[in-house]
Amino acid sequence: MAMATAMTSWVPPLLVLQTRNQSHLQQPTEIFPQSPFSTPNSVSIALKTQPRRRQHPIPTAKEGIDTENPLMNQFENFHKDGTAVDPSIYASLLQSCVDMEALIEGRQLHARILVAGLGHNVLLSSKLVNMYAVCGILMDARLVFESIAMSDRNVYLWNGVIKGYVRHEQFVEAVGLYYRMQGTGVKPDHYTFSSVLKACAALSALRQGMEIHAQVIQSGYCSYVFVGSALMDMYSKCGILKDTAKVFEKMSERDVVLWSSMIAANAHHGCPAEALQLFRRMQEGAKGLKPNLVTIASILPACLDLEQGREIHCCAIRRGFEFNVFVGNGLVAMYGRFERLEDACQVFDRMFKRDVISWSAMIRAYVQCGHADEALNLFSKMHQEEIVKPNAMTMSCILHACAELAAFQQGIEIHAYILRSEIECNVFVWSALIDMYSKCGSVYIARLVFDEMPHRDVVSWTAMIVGYGINGYGKEALALFDQMQEAGMQPNHITFMGVLSACSHAGLLAEGWLYFERMSRDYNLSPSVVHYACMVDLLGRAGHLQEAEKLIANMPIEPDAGVWGALMSACRIHCNVELGERAAKHLFYLEPENAGNAVLLSNIYAAAGRWDDVAKVRAMMKEKGLQPRPGCSWIEVKNRVHTFQVEDRTHPQWEEIYSLLKSLSRQMKEAGYVPDTKFVLQNIDEEQKEYILCSHSERLAIAFGLISTCPTKAIRINKNLRMCGDCHIASKFISKIVGREIIVRDTNRFHHFWDGVCSCGDYW
């Protein structure tokens, strides 16, 4: 809770000391009623304050000195002869307390200062304000500040309290004090501007930042490096990169701080090439500046490929920064981004000190490299050993791990942990919760989370649109997109990817074309290769294979494996061998080591009954050493994951599982089920095909779920391949027979089976 920063009737210092044991002082109801922050345009900054309990009252004159402490023992040596101690000695000792963040000793000195009658000494008050502010006791810093007469408050006093608020992230109070300072006629200096601009940056208060920039120019502080750096940071965090560059270019002297700020701004705003160019310019310039810790940490997110990342890593080693926590965090994040898990682990393990960002980066690296289970294990270790306290970033990363595993129960537990621990639930955590519940098949809960959000940005809107899409609710996704526009939110490339994917899953061909064309026409967004892949998938699923191939031929950018893969998958669905062969040729060139493409071509041949071609593809795979990924399904029961493969008999309860499947098979046939053996892509007799269908991995997982979970709960299955068509039919029959909801997540989408019907409408 923010402390009040303007008091219409401040309690006199002596009275404060007499009433120091009261639970709280009376607080005002508004902050800065005379500042620009009280205007209707700044409602988010004009906050209401609440009474705050003071845990550390200012000391009274009766408090003693701890003479066993070396710092205070030094003071006692000055005091032994009984003569008055010069204020400069108090000032020197208080500065030592500031440097050491020694709150107890600082309080004891404060008591001595009051005894000596120096409570209104401006120099000592400045030191006391700094001491309390550095130690995080902002209420006491403010009390000391307010005890000085308005006419005696110089710029150093104002700077101390403003800087204290900024240091402890009470930015609203800091900016409000700055405007109050101006009202008293005290002129700000470069330290004032540097602090208040940091507060504006944190608040994204562009209007106030621009006003202060004008005052910087009028005051003649533009050439000061730290002021310039603060201005650049403010414009960057307000999203105005061009003004950040203008400030940088106008600086007559540019040191490594300014270069680092400009590099960080470009990296943050998605201009990696420009950031790397600046990094080289800095080192190649007349001064030949060497990168510092901040420079290295800032340039790492801008690396476009692994080679550049390794180059920066080598630079960090040469400069002796490899084991620094900030650089180490950047290296872990960089290697995770390029899916170099082993390198990320090496950097993480060799770090002498790890903070919460280090752990969050490593958790995220595990998720990015496809090891979400290890991410959960690392989070568990971090939590159980109480190494560091997780923050919003950690929770966002671990929720993404739950989403990747579709670990619904663990996701719920982490959601509960967030609520219990009062971790700041920022927009990234909210969006991660939406993503987690959506990817666990609980789109209803995801929507509840979305509706509860106090503020929504493009990320949260997009997460909900994507959630609807992957769960087969295409029309709901499009309706939400319209609501997003009505709310004044501009969609981005990822939003349109979600919209087009939703159209593809729901078979909304006309709508897909409409939104694809609106990207460039209405929003000035050029479709990327991902958007073209979505359109090829949409056309292919709908059976418009020739139109899909024509779209690929007319693409203004080079089609990648995702585009050709979408076309080839459509050829598998519609048994188009000729076009499938052409798509496979491109895929074999783009991804020569991807066994999945060869398996897909083999399946196309098998579906067409071309067994000789199937044998040729398998021989080619054997010759090249391509190992196909075995299909498997898994289910989470009581926080344990149970995995099954086709004809699996390794599970401890396999006899019970197969017995249930046999019983269900009999009931299904009585209800009209006929096995569709064309989905068994092997040249064997019909009886064998029927047996294999009955023992597919998803059916084994469903059967285990039926015997291991509460009859009222939904059964949640995950599959690492596309769901078998016959298993899709069987799942509808099973859901009706047992009266349970069955949710299957395959590589493409979710299937919600209930009472004999699937949410996909048999279109997938």
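The structure presented is a predicted model; accordingly, all values stated were derived computationally and were not measured.

*Asks:* Before we go on, may I ask you to explain the overall build of the chain in this structure?
*Replies:* Secondary structure assignment for the chain yields 38 helices and six strands. Relative to its 764 residues, the chain shows a buried fraction of 52%. Surface accessibility of the chain: about 36600 Å² in total, with carbon and sulfur atoms responsible for 52%.

*Asks:* Can you help me understand the sheet that holds strand S6 (residues 757-758) in this one?
*Replies:* Pairing between the strands of a sheet is mediated by backbone hydrogen bonds and can be parallel or antiparallel. Pairing within the open sheet is mixed, and its six strands lie in the order S2-S1-S3-S4-S5-S6. A strand with exactly one partner marks an edge of an open sheet, and here the two such strands are strand S2 (640-645) and S6. Alignment of strand S5 (residues 750-754) against S6, held across two bridges, turns out to be antiparallel. Considered in S6, the bridge of Trp754 is made with Val757.

*Asks:* Which parts of the structure should I look at to understand the pattern of salt bridges?
*Replies:* If the charged atoms of two oppositely charged side chains come close together, the side chains can form a pair. In total, this model carries 25 salt bridges according to the counting rule given. A salt bridge links Arg699 to Asp726; its shortest N-O distance comes to 2.2 Å. In this pair, Arg699 sits in helix H37 (residues 697-708) while Asp726 sits in helix H38 (residues 725-738), placing the two residues 27 residues apart along the sequence. Of the two residues, Arg699 and Asp726, neither departs from the other in class, the shared state being buried. What you see here is one network of salt bridges that share partners, running through Arg142, Glu146, Arg153 and Arg180.

*Asks:* Would you mind going over the side chain of His752 with me for this structure?
*Replies:* Here His752 shows up in strand S5. Reaching out from His752, the side chain makes a polar contact with the side chain of Asn471 at a distance of 2.8 Å. If near-sequence neighbours (up to four positions away) are discounted, His752 is found in contact with Gly441, Asn471, Glu741, Ile742, Ile743, Val757, Cys758 and Ser759.

*Asks:* I would appreciate a short explanation of helix H32 (residues 577-590) in the present structure.
*Replies:* Residue pairs three or four apart in sequence face the same way in an α-helix, which turns once every 3.6 residues. With 14 residues, H32 ought to run about 20 Å at 1.5 Å a step, and its terminal C-alpha atoms sit 20 Å apart, in line with that. Of the positions making up H32, those classed as buried are Val577, Leu579, Gly580, Ala583, Ala584 and Leu587. All buried residues of H32 lie within an arc of 150° about the axis, which places them on one face of the element. Every exposed residue of H32 that faces more than 90 degrees away from the buried side is listed here: Glu578, Lys585 and Tyr589. Turning to H32, the residues buried within the fold contact helix H30 (545-553), helix H31 (561-574) and helix H33 (595-607). The opening residue of H32 is Asn576, an N-cap whose side-chain oxygen sits 3.0 Å from the backbone nitrogen of Leu579.

*Asks:* Quick question: what am I supposed to make of the state of the cysteines here?
*Replies:* By definition, a disulfide is the covalent link that joins the sulfur atoms of two cysteine residues. In the structure shown here, the tally under the stated rule is zero disulfides. Sulfur of Cys238: no disulfide; nearest cysteine sulfur belongs to Cys200 and is 7.7 Å away.

*Asks:* I tried to follow the environment of Glu547 on my own but got confused; where do I start?
*Replies:* Secondary-structure assignment places Glu547 in helix H30. Sequence spacing of Glu547 and Val536 is 11 residues, and the spatial spacing of their C-alpha atoms is 8.5 Å. Residues contacting Glu547, with those up to four places away along its chain left out, are Trp513 and Leu539.

*Asks:* Help me out: how do you make sense of the confidence of the model for the chain in this one?
*Replies:* Reading predicted coordinates in detail is not appropriate for stretches of low pLDDT. In the predicted model, the chain carries a mean pLDDT of 84, and the fraction of residues at 70 or more is 87%. When the criterion is pLDDT under 50, residues 60-67 qualifies, and its contacts beyond four places in sequence or with other chains add up to 15 contacts.

*Asks:* Help me out: how do you make sense of the side chain of Ser431 in this one?
*Replies:* Of note, Ser431 is situated in helix H23 (residues 427-439). With relative accessibility at 5%, the residue Ser431 sits in the buried group. If we ignore the near neighbours within four places in the chain, the residues touching Ser431 are Asp457, Val459, Ser460 and Ala463.

*Asks:* Explanation requested: the packing of aromatic side chains in the structure shown.
*Replies:* Aromatic rings considered in pairs are described by the distance between their centres and by the relative angle of their planes. Taken as a whole, this structure holds 20 aromatic pairs when the rule is applied. With a centroid separation of 5.3 Å and an interplanar angle of 75°, the aromatic rings of Phe516 and Tyr532 are classed as edge-to-face. Linking Phe516 in helix H28 (residues 509-523) with Tyr532 in helix H29 (residues 529-541), this pair joins segments that are 16 residues apart in sequence. By the burial criterion, Phe516 is buried, and Tyr532 matches it. Judged by centre distance (5.8 Å) and plane angle (50°), the rings of Phe644 and Phe704 are tilted.

*Asks:* Sorry, what's going on with helix H7 (residues 155-167) here?
*Replies:* The terminal C-alpha atoms of H7, which comprises 13 residues, lie 18 Å apart, in line with the 18 Å expected from a rise of 1.5 Å per residue. Of the positions making up H7, those classed as buried are Val155, Leu157, Trp158, Asn159, Gly160, Val161, Ile162, Gly164, Tyr165 and Val166. Along its buried surface, H7 packs onto helix H5 (122-134), helix H6 (138-147), helix H8 (171-183) and helix H9 (190-203). Glu169 sits one or two residues past H7 and shows a positive phi near 60°.

*Asks:* Any chance you could explain the packing of H30 against H31 here in plain terms?
*Replies:* When two helices pack together, you describe them by how their axes are tilted relative to each other and by the distance separating the axes. Packing of H30 against H31 brings their axes to within 11 Å, and their N-to-C directions diverge by 170°. Classified by the interaxial angle, the pair formed by H30 and H31 is roughly antiparallel. Contact residues: H30 offers Leu545, Ala548 and Ile552, while H31 offers Val563, Trp564, Leu567, Ala570, Cys571 and His574. Across the contact of H30 with H31, the residue classes break down as eight nonpolar, one polar and no charged.

*Asks:* When you look at the pairing of strand S1 (residues 632-637) in this model, what are you seeing that I'm missing?
*Replies:* The side chains of a regular strand alternate between the sheet's two faces. Counted residue by residue, S1 has six buried out of six residues, so it is predominantly covered. Taking every second residue as pointing to the same face, both faces of S1 are buried, with Cys632, Trp634 and Glu636 on one and Ser633, Ile635 and Val637 on the other. As defined by bridge partners, S1 adjoins strand S3 (residues 715-719) across three bridges and the pair is classed as antiparallel. Bridging from a neighbouring strand, Ser633 pairs with Lys719 of S3.

Analysis parameters
Residues numbered from 1 in each chain as written. Predicted model: local features only at pLDDT ≥ 70, side-chain atom pairs only at ≥ 80, totals over all residues. Heavy atoms only, no water. Helix = DSSP H or I, 4+ residues; strand = E, 2+ residues; numbered from the N terminus. Buried < 20%, exposed > 50% of the residue type's maximum accessible area, 1.4 Å probe, protein only. Areas by Shrake-Rupley, 256 points an atom, 1.4 Å probe, with all protein chains shown as cover. Pairing = 2+ DSSP bridges. Salt bridge = Lys/Arg side-chain N within 4 Å of Asp/Glu carboxyl O. Polar contact = N/O pair within 3.5 Å; in protein donor to acceptor, adjacent residues only side chain to side chain. Contact = heavy atoms within 4.5 Å. Expected span 1.5 Å × (residues − 1). Arc of directions from axis to C-beta. Disulfide = S-S within 2.5 Å. pLDDT = per-residue confidence, 0-100. Phe/Tyr/Trp six-rings, centres within 6.5 Å; stacked < 30°, edge-to-face > 60°. Axes fitted to C-alpha atoms, helices over the stretch in contact; angles between N-to-C directions. Parallel < 35°, antiparallel > 145°, perpendicular 65-115°, else oblique. Nonpolar A, V, L, I, M, F, W, Y, C, P; charged D, E, K, R; others polar.

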